[in-house]
Amino acid sequence: MRVVVIGTGYVGLVTGACLSDFGLFVTCVDIDAEKIALLKRGEIPIYEPGLKEIVEKNQKSKRLFFEVKGEKSISEANVVFLAVGTPSRDDGSAEMKYVFSAVETFSKNHKSYQVLVTKSTVPVGTGKKIEDYLSKYHSKDTFAVASNPEFLREGCAVSDFMNPDRIVIGCDDPKGLKVLLDLYEPMRKANAPIITTNRTSAELIKYASNAFLSVKISFINEMARLAEKCGADVSKIAEGMGMDKRIGKAFLLPGPGYGGSCFPKDTKALLSTANEYNCKLKVVEAAVEANEDQVNFVVEKILSNLSEKKEEAKVALLGLAFKGGTDDVRESPALKVARRLLKVGCEIKAYDPEASVNAIKEVENLVICNSAKECAEGCDVLVIATEWNEFKTLDLKEIKGVMKNAVIVDLRNLLDPFHAKEIGFKYDCIGKRI
Ligand code: UGA
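Residues numbered from 1 in each chain as written. Predicted model: local features only at pLDDT ≥ 70, side-chain atom pairs only at ≥ 80, totals over all residues. Heavy atoms only, no water.

A few words on the domain arrangement of the protein chain. What the domain assignment lists for the protein chain is domain 1 (2-197) and domain 2 (198-434). Domain 1 and domain 2 are separated by 32 Å when their C-alpha centres are compared. Taken together, the contact between domain 1 and domain 2 spans 34 residues of the former and 28 residues of the latter. Counting the contacts that link domain 1 with domain 2 gives two salt bridges. Salt-bridge contacts for Glu154 lead to Arg330; the nearest nitrogen and oxygen are separated by 3.7 Å. Here domain 1 is connected to domain 2 by 13 residue pairs in polar contact (both at pLDDT 80 or more). At the level of secondary structure, the elements contributing two or more residues to the side of domain 1 that touches domain 2 comprise helix H6 (126-135), strand E6 (143-147) and strand E7 (167-170). When residues in the side of domain 1 that touches domain 2 are grouped by element, the largest group, four residues, is from H6. (Domains from an automatic or database assignment. Contact = heavy atoms within 4.5 Å. Salt bridge = Lys/Arg side-chain N within 4 Å of Asp/Glu carboxyl O. Polar contact = N/O pair within 3.5 Å; in protein donor to acceptor, adjacent residues only side chain to side chain. Helix = DSSP H or I, 4+ residues; strand = E, 2+ residues; numbered from the N terminus.)

So, in structure tokens, the structure goes:
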């Protein structure tokens, strides 16, 4: 089985590397020549635990290759995965030009029977559009267009890919379906559940899953706001709800709102699709709105913890990535908070173990520091915005010693409030009165 993956972002690179690890011959193709040159040298352009090792191993075993154009590889592949980006347009719909440019490349190099698979998240109906486009140039019995959405999370992408909760294959062509079932046979043997369905359902499963998780997060964030007002503890609420197997405990952590390259984009794209079909999705709409409100809520919280002259305050911002374990700052709540505080006039010192380089490209007025301690020095408040493990074990005594005012606003409920108070901090967090 020969496979080509077009696009070497998080989804494409992890898919290509992991499929090669399952014994397939994979070529990853990207128009970004610089990125391909890096990958050929075994350097990984993103921070993703475990990925470097797996790329190195399979490159050495001659099962994983990187190419800029990849014409020959595409023409010889049995399966071509599309894993290019589908960023949000201003109106919330997904930008499809990268997908269709990749489809054109596929079309130009297509010869014998091949399955073209959308792996990155594409709007419902994209498979049909691709099929209609290819049908203009090729006989319909020489290709199938399938949907095989990816559910991996950044930060644990390799293990998510290797141990998926499910593999979803949506293919209306029985021959194409058989090819994809053969491709995933090693993973099925390793106990990965496979669900097969029609292409449109597979496309919608992906959006429905991301939207549902977004709803869960917005729901717990709203419960956190209520808990603060009525004197309840959101962590206990989440625990108590999560013990009900029908609810489940995952994705009930309150915080500064969901970010990243997926939830904000995909919820809006789903609303845009629903709009096209004249179908109102009130629950998803509310989740998006509540998520936008959450940033206002946490900014107010930070400001209310500052003494007078908020516009002269020095803020230590711990965490810039949209979540722990990644260098990705796309739609990062930490950066939204930073922009808002800068607007008020605050000075912001920031520290993130991996995301500083990306963050400074987005918000240039940040003063980047090399450690949490350096970041805290001389500051009026320490804000924890990303749940990096190393922030859980901060030396609070040392931090207090270098701060101007001993105030912590913990937007991820990472620290032990009693320990922080014992050390002498004024401590505030999300969804509970301390
Ligand atoms: C998400 C999905 O979890 C993946 O299944 C999916 O494949 C991926 O999008 C995608 O569509 O490509 P990811 O964006 O990597 O993965 O990040 P998550 O771990 O899902 O976190 C998303 C955001 O929600 C983060 O800002 C995180 O801090 C926030 N979050 C998550 C919470 O605020 N509370 C939680 O309990 C969980």
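Structure's up, so let's keep going.
As enumerated under the stated definition, the model contains five aromatic pairs in all. A centroid spacing of 5.2 Å and a plane angle of 55° characterise the contact between Tyr133 and Tyr137, whose relative ring orientation is tilted. Ring geometry for Phe251 versus Phe263: centroids 6.2 Å apart, planes at 55°, classification tilted. Pair noted here: Phe251 is in the loop between helix H11 (234-242) and helix H12 (263-276) and Phe263 is in helix H12, with a separation of 12 residues, a long-range link. Overall, the relative accessible area of 29% leaves Phe251 in the partly exposed class. Look at Phe263 and you get buried, because its relative accessible area is 12%. Directly above the ring of Phe151 sits Arg166, whose terminal nitrogen or CZ lies 3.6 Å from the centroid. The cationic tip of Arg225 hangs over the ring face of Phe297; the distance from NZ or CZ to the ring centre is 5.7 Å. (Phe/Tyr/Trp six-rings, centres within 6.5 Å; stacked < 30°, edge-to-face > 60°. Buried < 20%, exposed > 50% of the residue type's maximum accessible area, 1.4 Å probe, protein only. Lys NZ or Arg CZ within 6 Å of the ring centre and 35° of its normal.)

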